[in-house]
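Overview (structure and organization)
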Amino acid sequence: MTREQYILATQQNSLPRTEHPQFYPVGIYGWRKRCLYFFVLLLLVTMIVNLAMTIWILKVMNFTVDGMGNLRVTKKGIRLEGISEFLLPLYVKEIHSRKDSPLVLQSDRNVTVNARNHMGQLTGQLTVGADAVEAQCKRFEVRASDGGKLLFSADEDEIVIGADRLKVTGTEGAVFGHSVETPHIRAEPSQDLKLESPTRSLVMEAPRGVQVNAAAGDLKATCRKELHLQSTEGEIFLNADTIRLGNLPMGSFSSSSSFSSSSSPSSSAPRQTIYELCACPNGKLYLSPAGAGSTCQSSSNICLWS
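Residues numbered from 1 in each chain as written. Predicted model: local features only at pLDDT ≥ 70, side-chain atom pairs only at ≥ 80, totals over all residues. Heavy atoms only, no water.

If you look the chain up in an unreviewed UniProt entry, it shows as SGCZ protein from Edolisoma coerulescens. In its Sequence similarities (unreviewed entry) section, UniProt records this for the chain: "Belongs to the sarcoglycan beta/delta/gamma/zeta family." (UniProt positions renumbered as here; feature names shortened; annotations may be inferred.)

Shown next as structure tokens:
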């Protein structure tokens, strides 16, 4: 390299640079900055609206330290005041009202109370509907107010009525499809007692006797075909001032001895006809005019048609 070339090269390196340096701005500018401010403002408005809605809900629902609205949380449980409505199933251990208020469960359709065992199987159900009240359980019991005396119980085998008196107030009485076992049947004072079987027979049986007593009225037994009074080891005793057997057939009897008395001077006086009660070998009874002697033997032809 020559001297001139070396001097020229060193002079070019020592000359100051005339180019301006480039600066790059740091931050968000332009439309990005405006969008960021808009989103920040929208978030602030949303937070204010949420806070206002929360305060409004707390005020409307009456939230307090003890509970919400009519719901109060106490040491003994949850207390509801006023009318409460549940849209989903409610699982509780015990429900009771205040001492001075009744407990009312109301539904537009029906009210169903279910009881289940530890396996979740249904063991008892009580349904109160518009048409009927249904209870499904193994045994249904109704007890007195003190909880001691059993008034009514029903299961698959029998129905027990433990009250001192069973009163039926219907005009048609009580209808039993099968046998009835009871030690005493009586009507209300000044009312008639009627035992009736419209299409079948009526049987009253007792190991030590059946007593029918009408203290202030008549005793009437009516049947369509036959009335049997049977005593296997005793007798049938009719004790009354007057015993009347109506609608008995009257026998006809004629004898010369009966007409001879009519020709006496005293035949013009009024004469009272006297009849005697006769019995046929088959047990039928009939009336026959009484004469000088017994006419039951001579009037045996009455037994043929009576």
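Next, the rest of the story.
**Re the side chain of Thr 127**
Residue position: Thr 127 is located in strand S5 (residues 122-128). Ignoring anything within four residues of it in the chain, the contact list for Thr 127 reads Asn 110, Val 111, Thr 112, Ala 132, Val 133 and Glu 134. (Helix = DSSP H or I, 4+ residues; strand = E, 2+ residues; numbered from the N terminus. Contact = heavy atoms within 4.5 Å.)

**Observations regarding the sheet that holds strand S6 (residues 133-136)**
Paired through backbone hydrogen bonds, the strands of a sheet run either parallel or antiparallel to each other. Pairing in this open sheet of three strands is antiparallel, and the strands run S4-S5-S6 from one edge to the other. Since the sheet does not close on itself, it has two edges, and those belong to strand S4 (111-116) and S6, each with one partner. Between one strand axis and the next, the sheet turns by 10° as a mean value, whatever way the strands run. Pairing between S4 and S5: six bridges, direction antiparallel. Paired with Thr 112 across the strands is Thr 127, a residue of S5. (Pairing = 2+ DSSP bridges. Axes fitted to C-alpha atoms, helices over the stretch in contact; angles between N-to-C directions.)

**Quick word on the packing of aromatic side chains**
Enumeration according to the criterion identifies two aromatic pairs in this entry. A centroid spacing of 5.8 Å and a plane angle of 65° characterise the contact between Phe 38 and Phe 39, whose relative ring orientation is edge-to-face. Each member of the pair, Phe 38 as well as Phe 39, carries the same accessibility label: exposed. (Phe/Tyr/Trp six-rings, centres within 6.5 Å; stacked < 30°, edge-to-face > 60°. Buried < 20%, exposed > 50% of the residue type's maximum accessible area, 1.4 Å probe, protein only.)

**Focus on the UniProt feature "transmembrane region" (unreviewed entry) in the chain**
Under the UniProt annotation, "transmembrane region" (unreviewed entry) lies at residues 36-58. Taken end to end, residues 36-58 comprises 100% helix and 0% strand; its first and last C-alpha atoms sit 33 Å apart.

**A look at the pairing of S6**
Looking along a regular strand, one sees the side chains alternate between the two faces of the sheet. Sheet analysis places S5 next to S6, joined by four bridges and oriented antiparallel. Bridge pairing in S6 places Val 128 opposite Val 133. The loop that links S5 with its antiparallel partner S6 comprises four residues.

**A look at helix H2 (residues 31-60)**
Helix length check: H2 (30 residues) gives 43 Å between terminal C-alpha atoms against 44 Å at 1.5 Å per residue, within 8%. Note on H2: the residue one or two positions beyond its end, Asn 62, has a positive phi of about 60°. (Expected span 1.5 Å × (residues − 1).)

**Digging into the pattern of salt bridges**
Using the criterion set out here, one finds five salt bridges in the structure. Arg 139 is paired through a salt bridge with Asp 155; the nearest N and O atoms lie 3.2 Å apart. One end of the pair, Arg 139, is in the loop between S6 and strand S7 (140-143); the other, Asp 155, is in the loop between strand S8 (150-154) and strand S9 (159-161), with 16 residues separating them in the sequence. Of the residues examined, Arg 139 reaches a relative accessible area of 39% and is grouped as partly exposed. Arg 143 is the salt-bridge partner of Glu 141, the closest N and O atoms lying 3.2 Å from each other. We classify Glu 141 as partly exposed; its relative accessible area is 34%. One salt-bridge network, in which partners are shared between bridges, spans Arg 139, Glu 141, Arg 143 and Asp 155. (Salt bridge = Lys/Arg side-chain N within 4 Å of Asp/Glu carboxyl O.)

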